[in-house]
Amino acid sequence: MPRQINYSSLLLVLIIPFFAEANGPHTQESGILYSTYFSPKEYQANPQNWATLQKKNGVMVFGNGDGIMTFDGVRWQLIPLANNNLVRSLAFDNEERIFIGGYNEIGYLSESNKGKSRIVSLLNKLTDEQKEFGHVWNIVAADNKIYFATDKNILAWNGNIITEIQIPFENKRSFATLYQNKILVQPAMESLLVLQNDELNPMAGGEFFKGKRITGILPYSTNKALICTLEDALYLYDGEKSVPFLSEVTNFLKENRLYKAIKLKNGNFAFGTLLRGVVIIDKQGALIHLMEKGRGLGDNAVYNLEEDQQGSLWVTMSVGISRVELQTPMTWFDERNGLTGAVNDIIRYDGDLYAATMLGLYKLKRGASFSTPSNFIKVNELPTSVWAMTAQHGSLLLVTDNGTAEL
């Protein structure tokens, strides 16, 4: 119990934002990364955003539930599809033209000299039977063609005609991506294949992934890929065989369904999950950051990730969009992690971190693990404003509204 003592101390008032360093791997005293949340009310469109990328001029483009959405840092613009459906996938070609994939819709974004955008549909290149292809899950630009991976097949457009590449499995929904100039394809829960000359062929060691659902293939080193799966976490693939990539977040990724993954410019990896936000690890598998609802993100169901030109991470979610400033060397503590009231002073005493605020005294409780992050706990014995603190003679002296106290 704090007790009153009968002498006064110097009143020191410090009103500062409280932060902890966040340059290296996650520590037990890391706080929340600075972020901006864009709600559906702000951008006036569907809550769900399935895809995102950034143009060279800095404009962000989103695949929204109501169509294509753009943001130039000030204004939001929505361009609906002709069938008023969602846009699930986006990709650039070599000329930075944006190709889109929606539900029973494929096309690209065309811009006039006046900067106005419209969607040019490619449905007129298909027969009536081919037009019922369902969702477009991935778009890959390679070999001077655009490949659309749909619910029923892969459609390849060469600029003039569209050819149909059949999926030789009952479940034809496929994951497709470009890795080391090769188009890799996995029909849902089947072996990993390679698309060559518009034909699907087995990959060496690709049968290892039968029964697993691949959600990302990222470069890990010159001769190894980091393969991400929905419920089986991560694997390293050397072109012939795959081995588990064990990390601090292995069980977390298995439990929370790894849906999207990107390699960041600094060599770290960011993973978006469907159940608990985003985790970032380094190449060795050590945790750098965890971001979830209330701790940097507006929602836990993550659909896509994009690193912008400033090094910030755009996270599209089931509800809204968040931009997280990964490049900042600070993390923050505020009411989201237990610290309430204007901060007047901070001190480390006996190995613990204390914060004096207008609403009382708070002590930092270190995170037991990355999934139970650090937060401030109020010292309930002191229900008054604390203005300043100093460590003297083996005690922590506190200047409060009710006089000077000793902890």
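Structural data are supplied above this passage.
Residues numbered from 1 in each chain as written. Predicted model: local features only at pLDDT ≥ 70, side-chain atom pairs only at ≥ 80, totals over all residues. Heavy atoms only, no water.

**Student:** Let's hear about the overall build of the protein: which residues, and what values?
**Tutor:** Of regular secondary structure, the protein possesses two helices and 39 strands. Viewed in the frame of its principal axes, the protein has a C-alpha envelope of about 90 × 50 × 30 Å. Taking the intrachain contacts of the protein between residues at least 6 apart in sequence as the baseline, contacts between residues at least 24 apart amount to 47%. Entry remark: accessible area of the protein is about 18800 Å², with carbon and sulfur atoms responsible for 48%. Charge-centre separation for the protein: the mean point of 38 positive side chains lies 2 Å from the mean point of 42 negative side chains. (Helix = DSSP H or I, 4+ residues; strand = E, 2+ residues; numbered from the N terminus. Contact = heavy atoms within 4.5 Å. Areas by Shrake-Rupley, 256 points an atom, 1.4 Å probe, with all protein chains shown as cover. Lys, Arg positive; Asp, Glu negative; His and termini not counted. Charge placed at Lys NZ, Arg CZ, Asp CG, Glu CD.)

**Student:** Give a description of empty space enclosed by the protein that names residues and reports values.
**Tutor:** Using the criterion set out here, one finds two cavities of 30 Å³ or more in the structure. Looking at the second largest cavity, its volume works out to about 40 Å³. Every residue lining the second largest cavity is listed: Asn-138, Val-140, Tyr-147, Phe-148, Ala-149, Ile-154, Ala-176, Ile-183, Val-185 and Leu-195. If you list the elements that add at least two residues to the lining of the second largest cavity, you get β12 (136-142), β13 (145-150) and β17 (182-187). With three residues, the single largest contributor to the lining of the second largest cavity is β13. For the lining of the second largest cavity, the residue count by class is nine nonpolar, one polar and no charged. (1 Å grid on protein atoms, 1.4 Å probe; cavity = no way out; pocket = protein on both sides within 12 Å on 5 of 7 lines; lining within 4 Å. Points joined across faces, edges and corners; volume = space filled by probe spheres on them. Nonpolar A, V, L, I, M, F, W, Y, C, P; charged D, E, K, R; others polar.)

**Student:** Go over the nonpolar core, please, and point to the residues and values.
**Tutor:** Counting residues in hydrophobic clusters, the biggest one holds 20 residues, and the most contacted among them are Leu-226, Leu-234, Val-249, Leu-253, Phe-271 and Val-279. Contributions of two or more residues to this core are made by β20 (214-221), β21 (224-229), β22 (233-237), α2 (250-256), β24 (258-263), β25 (269-273), β26 (278-281) and β27 (287-293). The greatest single-element share of this core, amounting to three residues, is contributed by β22. Here Val-249 is in contact with Val-279, Ile-281, Leu-287 and Phe-370, once residues within four sequence places are set aside. (Core = buried A, V, L, I, M, F, W, Y, C linked by side-chain atoms within 4.5 Å. Buried < 20%, exposed > 50% of the residue type's maximum accessible area, 1.4 Å probe, protein only.)

**Student:** Help me get a handle on unusual backbone geometry, residues and values and all.
**Tutor:** The backbone of Asp-143 shows a phi angle near 55°, a positive value even though the residue is not glycine. Within the element layout of this structure, Asp-143 appears in the loop between β12 and β13. Exposure remark for Asp-143: the relative accessible area of 55% places this residue in the exposed category. The backbone of Met-189 sits at a positive phi, close to 65°, despite the residue not being glycine.

**Student:** Kindly report on the layout of surface pockets, identifying the contributing residues and their values.
**Tutor:** Over the atoms, a rolled probe matching the size of one water molecule traces out where space is still vacant. There is about 1000 Å³ of room inside the largest pocket. Leu-90, Ile-139, Thr-177, Ile-262 and Glu-306 are the residues nearest the centre of the largest pocket, which is lined by 32 residues in total. Within the residue set of the lining of the largest pocket, elements represented by two or more residues are β4 (49-54), β8 (87-92), β12, β16 (174-179), β20, β24 and β29 (302-307). A breakdown of the residues in the lining of the largest pocket according to their chemical character gives 20 nonpolar, eight polar and four charged.

**Student:** Now, about the environment of Thr-229: what can you tell me, with residues and values included?
**Tutor:** One can find Thr-229 in strand β21. A relative accessible area of 0% places Thr-229 in the buried class. With 36 residues separating them in the primary sequence, Thr-229 and Leu-193 have C-alpha atoms 15 Å apart. For Thr-229, the contacting residues outside a window of four places in its chain are Phe-209, Lys-212, Arg-213, Ile-214, Thr-215, Tyr-235 and Leu-258. At a separation of 3.1 Å, a polar atom in the side chain of Thr-229 contacts the main-chain amide nitrogen of Asp-232. (Polar contact = N/O pair within 3.5 Å; in protein donor to acceptor, adjacent residues only side chain to side chain.)

**Student:** How would you sum up the environment of Tyr-34? Please name residues and give values.
**Tutor:** Note on placement: Tyr-34 falls in the loop between β2 (18-21) and β3 (35-38). For Tyr-34, the residues in contact, after removing those within four places along its chain, are Arg-323, Val-324, Glu-325 and Trp-332.

**Student:** Please provide a residue-by-residue account of the pairing of β12, values included.
**Tutor:** The side chains of a regular strand alternate, first on one face of the sheet and then on the other. The buried count for β12 comes to six of seven residues, which makes it a mostly enclosed element. Pairing between β12 and β13: six bridges, direction antiparallel. Residue pairing in the sheet places Ala-141 in a bridge with Ile-146 of β13. Linking β12 to β13, which pair antiparallel, is a turn of two residues; within it Asp-143 sits at a positive phi near 55°. (Pairing = 2+ DSSP bridges.)

**Student:** Which residues make up the packing of aromatic side chains, and what values do they have?
**Tutor:** Counted according to the given criterion, the structure contains 22 aromatic pairs. Taking 6.2 Å as the distance between ring centres and 65° as the angle between the ring planes, the aromatic pair formed by Tyr-259 and Tyr-303 counts as edge-to-face. Here Tyr-259, found in strand β24, pairs with Tyr-303, found in strand β29; they are 44 residues apart in sequence, far enough to count as distant. For the residue pair Tyr-259 and Tyr-303, the accessibility class agrees, reading buried in each case. Taken together, the ring pairs connect Phe-38, Tyr-43, Phe-62, Phe-71, Trp-76 and Trp-314 into an aromatic cluster. Above the plane of the ring of Trp-137 lies Arg-173, whose end atom (NZ or CZ) is 3.4 Å from the centre. It is Lys-260 that lies over the ring of Tyr-259; its NZ or CZ is 5.7 Å from the centre. (Phe/Tyr/Trp six-rings, centres within 6.5 Å; stacked < 30°, edge-to-face > 60°. Lys NZ or Arg CZ within 6 Å of the ring centre and 35° of its normal.)

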